[in-house]
Amino acid sequence: MSVTFEQARAFVSKFQEAIAADKEYLTELDSAIGDGDHGINMDRGMRAVLPKVEALPNGTVADLFRTVAMTLISTVGGASGPLYGTLFLQLGTNLKAKESVEPQDWSEALTTAVAAVMSRGRAEPRDKTMVDALLPASQALASGLAAGDEFDMALQAAEEAAHQGALDTIPMVAHRGRASYLGDRSAGHQDPGATSSWMLMRAAREAFATGSN
Ligand code: ADP
Ligand code: MG
């Protein structure tokens, strides 16, 4: 099975729905260790993305992701806009030459995209950022597929790893982004960006799993 254009579009719209539903929660998390706008930022960005991807004619998954990237970069003012923009841009670049997007292609694209986010934000694991959800998710996906798991199962493992990764940020002290200004006081709070990244991995599982569309 491969990831179709419609499934990629469903992935983006499920992410938008999740962000809209949890906008207040994400903003609350950002109020504790940032400036309280993560939910607002992501909601604004994804609301702008939705009509653009809905208006896209049936094309390639790569073009769709590039549209998402450009829209996020131009509409989200906070740190998260360019970082999610980088993620989607790299997904698009990686999948550009693919005629069909197989599970292995998705996994490789995600791995490269997470590396691009890390390099753009100069964030390492345990810096208490979105990387702490994205990296374990991409690793769980890759190792699941390498072990011969079905795509559905690997997507589920990626979602769970992202969820655990977001929870694991709670005791961490932030070393990147606004939360790092708080130093040790950033500990004891879940990172908002890691939380939205978990939602992203959940949307991927919902959209790409067999039988969903
Ligand atoms: P801002 O911090 O500009 O207000 P947001 O509130 O939208 O932007 O996003 C904050 C989130 O962005 C953080 O919770 C963190 O996950 C992520 N983030 C911030 N800086 C970095 C970075 N350098 N690398 C990776 N992620 C980062
Ligand atoms: Mg913020």
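Right above here is the structure, for reference.
These lines cover the structure that appears in this document, whether it is placed above or below. (Residues numbered from 1 in each chain as written. Chains lettered and ligands numbered in written order. Predicted model: local features only at pLDDT ≥ 70, side-chain atom pairs only at ≥ 80, totals over all residues. Heavy atoms only, no water.)

## A few points about the coordination of the magnesium ion (ligand 2)
For the magnesium ion (ligand 2), every protein donor is listed as D30 (OD), D35 (OD) and D37 (OD), and the spread of their distances is 2.1 to 2.2 Å. Read N to C, the donor residues that coordinate the magnesium ion (ligand 2) are spaced as D-x4-D-x1-D. D35 gets classed as partly exposed once you look at its relative accessible area, which sits at 36%. (Donors = N, O, S within 2.8 Å, 3.2 Å for Na, K, Ca; no water. Buried < 20%, exposed > 50% of the residue type's maximum accessible area, 1.4 Å probe, protein only.)

## What to know about the site of ligand 1
In the neighbourhood of ligand 1, 20 residues make up the surrounding shell, with N41, A79, S80, G121 and D191 lying closest. D37 has a polar side-chain atom sitting 3.0 Å from an oxygen atom of ligand 1. In this structure, G121 approaches ligand 1 through a main-chain N or O atom, which is 2.9 Å from a nitrogen atom. When isolated, ligand 1 has an accessible area of 560 Å², and the protein chains bury 92% of it. Of all elements in the fold, only helix 3 (38-55), helix 5 (80-95) and helix 9 (192-208) reach the threshold of two or more residues within the shell around ligand 1. Among the residues forming the shell around ligand 1, the class breakdown is six nonpolar, eight polar and six charged. (Near = heavy atom within 4 Å. Polar contact = N/O pair within 3.5 Å; in protein donor to acceptor, adjacent residues only side chain to side chain. Areas by Shrake-Rupley, 256 points an atom, 1.4 Å probe, with all protein chains shown as cover. Helix = DSSP H or I, 4+ residues; strand = E, 2+ residues; numbered from the N terminus. Nonpolar A, V, L, I, M, F, W, Y, C, P; charged D, E, K, R; others polar.)

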